[in-house]
Amino acid sequence: MSIEEIQNEIIDEFSMFEDWEERYQYMIDLGKDLPLIDDQYKTDSNIIKGCQSKVWVHAEMEDGKLIFTADSDAIITKGIIAILVRSFSNQPPKDIIHAETDFIDQIGLKEHLSPTRANGLVSMVKQLKMYAVAYQTQMK
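What counts as what
- Residues numbered from 1 in each chain as written.
- Predicted model: local features only at pLDDT ≥ 70, side-chain atom pairs only at ≥ 80, totals over all residues.
- Heavy atoms only, no water.
- UniProt positions renumbered as here; feature names shortened; annotations may be inferred.
- Helix = DSSP H or I, 4+ residues; strand = E, 2+ residues; numbered from the N terminus.
- Rg over C-alpha atoms; globule rule 2.2 N^0.38 Å.
- Buried < 20%, exposed > 50% of the residue type's maximum accessible area, 1.4 Å probe, protein only.
- Contact = heavy atoms within 4.5 Å.
- Areas by Shrake-Rupley, 256 points an atom, 1.4 Å probe, with all protein chains shown as cover.
- Lys, Arg positive; Asp, Glu negative; His and termini not counted.
- Charge placed at Lys NZ, Arg CZ, Asp CG, Glu CD.
- 1 Å grid on protein atoms, 1.4 Å probe; cavity = no way out; pocket = protein on both sides within 12 Å on 5 of 7 lines; lining within 4 Å.
- Points joined across faces, edges and corners; volume = space filled by probe spheres on them.
- Nonpolar A, V, L, I, M, F, W, Y, C, P; charged D, E, K, R; others polar.
- Axes fitted to C-alpha atoms, helices over the stretch in contact; angles between N-to-C directions.
- Parallel < 35°, antiparallel > 145°, perpendicular 65-115°, else oblique.
- Patch = residues over 30% accessible without salt bridge, like charges linked within 9 Å, V, L, I, M, F, W, Y side chains within 5 Å.
- Salt bridge = Lys/Arg side-chain N within 4 Å of Asp/Glu carboxyl O.
- Phe/Tyr/Trp six-rings, centres within 6.5 Å; stacked < 30°, edge-to-face > 60°.
- Lys NZ or Arg CZ within 6 Å of the ring centre and 35° of its normal.

- For the protein, an unreviewed UniProt entry supplies the name SufE family protein and the organism Pseudotamlana haliotis.
- Quoted verbatim from the Sequence similarities (unreviewed entry) field of UniProt, the annotation for the protein is "Belongs to the SufE family."

This is the structure in structure tokens:
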């Protein structure tokens, strides 16, 4: 599936819920299914700067596609990074670099986060795209 198809699937899933309490619970559930980062990568260099909670992300290239693993010490934040990992993992770096992220607004996520969590969300997206830029550069 392309990034856009995955993001549309996420939009559809979030539209099934009546209110934000249900959506938060869904995000928490998504966080439980997150491909967890190996403990050896839970280092300061893999922490996303700008997040109130600790969020670790690791990327590896396999067959021309980036594979992300992550973890967080906060359940909502873990759900947020799970949504982003689902969107961007198993995709070529150039697709990640050029991917739109307006699906985040379409599911209403940014407007239902505290300002510090919203800033953290922006930092998460930025970090995943930076990994893509780094790996794309290595491919040339």
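1. Notes on the overall build of the protein
Right, on to step 1. Counting its secondary structure elements, the protein contains 6 helices and 2 strands.
Right, on to step 2. For the protein, the sequential pattern of α-helices and β-strands runs α-α-β-β-α-α-α-α.
Right, on to step 3. Here the C-alpha radius of gyration of the protein, 14 Å, is about what a compact globule of 140 residues would show, namely 14 Å.
Right, on to step 4. Looking at the protein as a whole, 49% of its 140 residues qualify as buried.
Right, on to step 5. When contacts within the protein are restricted to residue pairs at least 6 apart in sequence, long-range pairs at least 24 apart make up 65% of them.
Right, on to step 6. With the model as given, the accessible surface of the protein reaches about 7,600 Å², and the carbon-plus-sulfur share is 49%.
Right, on to step 7. For the protein, the distance from the average position of its 14 positive side-chain charges to the average position of its 24 negative side-chain charges is 7 Å.

2. Side note on the layout of surface pockets
Right, on to step 1. A volume near 180 Å³ is recorded for the largest pocket.
Right, on to step 2. Around the largest pocket, the lining is made up of 14 residues, and of these Ile-3, Glu-4, Gln-7, Ala-99 and Glu-100 lie nearest the centre.
Right, on to step 3. Broken down by secondary-structure element, the contributors of at least two residues to the lining of the largest pocket are helix H1 (3-15), helix H4 (93-98) and helix H5 (103-106).
Right, on to step 4. Take the lining of the largest pocket: its biggest share by element is 5 residues, from H1.
Right, on to step 5. Considering only residue class, the lining of the largest pocket consists of 4 nonpolar, 6 polar and 4 charged.

3. Examining the packing of helix H2 (residues 20-32) against helix H3 (residues 75-88)
The description of two packed helices rests on the angle between their axes and on the distance between the axes.
Right, on to step 1. The interhelical angle for the contact between H2 and H3, taken along N-to-C directions, is 70 degrees, at an axis separation of 7 Å. If you check the angle between H2 and H3, you find them roughly perpendicular. Every residue of H3 that contacts H2 at Tyr-24, Tyr-26, Met-27, Ile-28, Leu-30 and Gly-31 is listed here: Ile-75, Ile-76, Lys-78, Gly-79, Ile-80, Ala-82, Ile-83 and Arg-86.
Right, on to step 2. Residue composition of the contact of H2 with H3, by class: 10 nonpolar, 2 polar and 2 charged.

4. Looking at a negative patch on the surface
Right, on to step 1. A cluster of acidic residues, Asp-38, Asp-39, Glu-60, Glu-62 and Asp-63, forms a negative patch at the surface.
Right, on to step 2. Following the sequence through the fold, Glu-62 ends up in strand S1 (residues 55-62).
Right, on to step 3. A relative accessible area of 45% means that Glu-62 is categorised as partly exposed.

5. Topic: the packing of aromatic side chains
Right, on to step 1. One pass over the full model with this rule turns up 5 aromatic pairs.
Right, on to step 2. Between Phe-14 and Trp-20, the aromatic rings sit 6.4 Å apart at their centres with planes inclined by 45 degrees, giving tilted as the arrangement.
Right, on to step 3. Under the relative-accessibility criterion, Phe-14 is labelled buried at 1%.
Right, on to step 4. Each ring, one from Phe-14 and one from Tyr-26, has its centre 5.5 Å from the other, and the planes form 75 degrees; the classification is edge-to-face. Taken as a pair, Phe-14 in helix H1 and Tyr-26 in helix H2 lie far apart in primary sequence, 12 residues in all. Here the two residues Phe-14 and Tyr-26 agree in accessibility, since each one is buried.
Right, on to step 5. Each residue in the set Phe-14, Phe-17, Trp-20, Tyr-24 and Tyr-26 is aromatic and connected to the rest through ring pairs, giving one cluster.
Right, on to step 6. The ring centre of Trp-56 lies 4.9 Å from the NZ or CZ of Lys-42, which sits over that ring.

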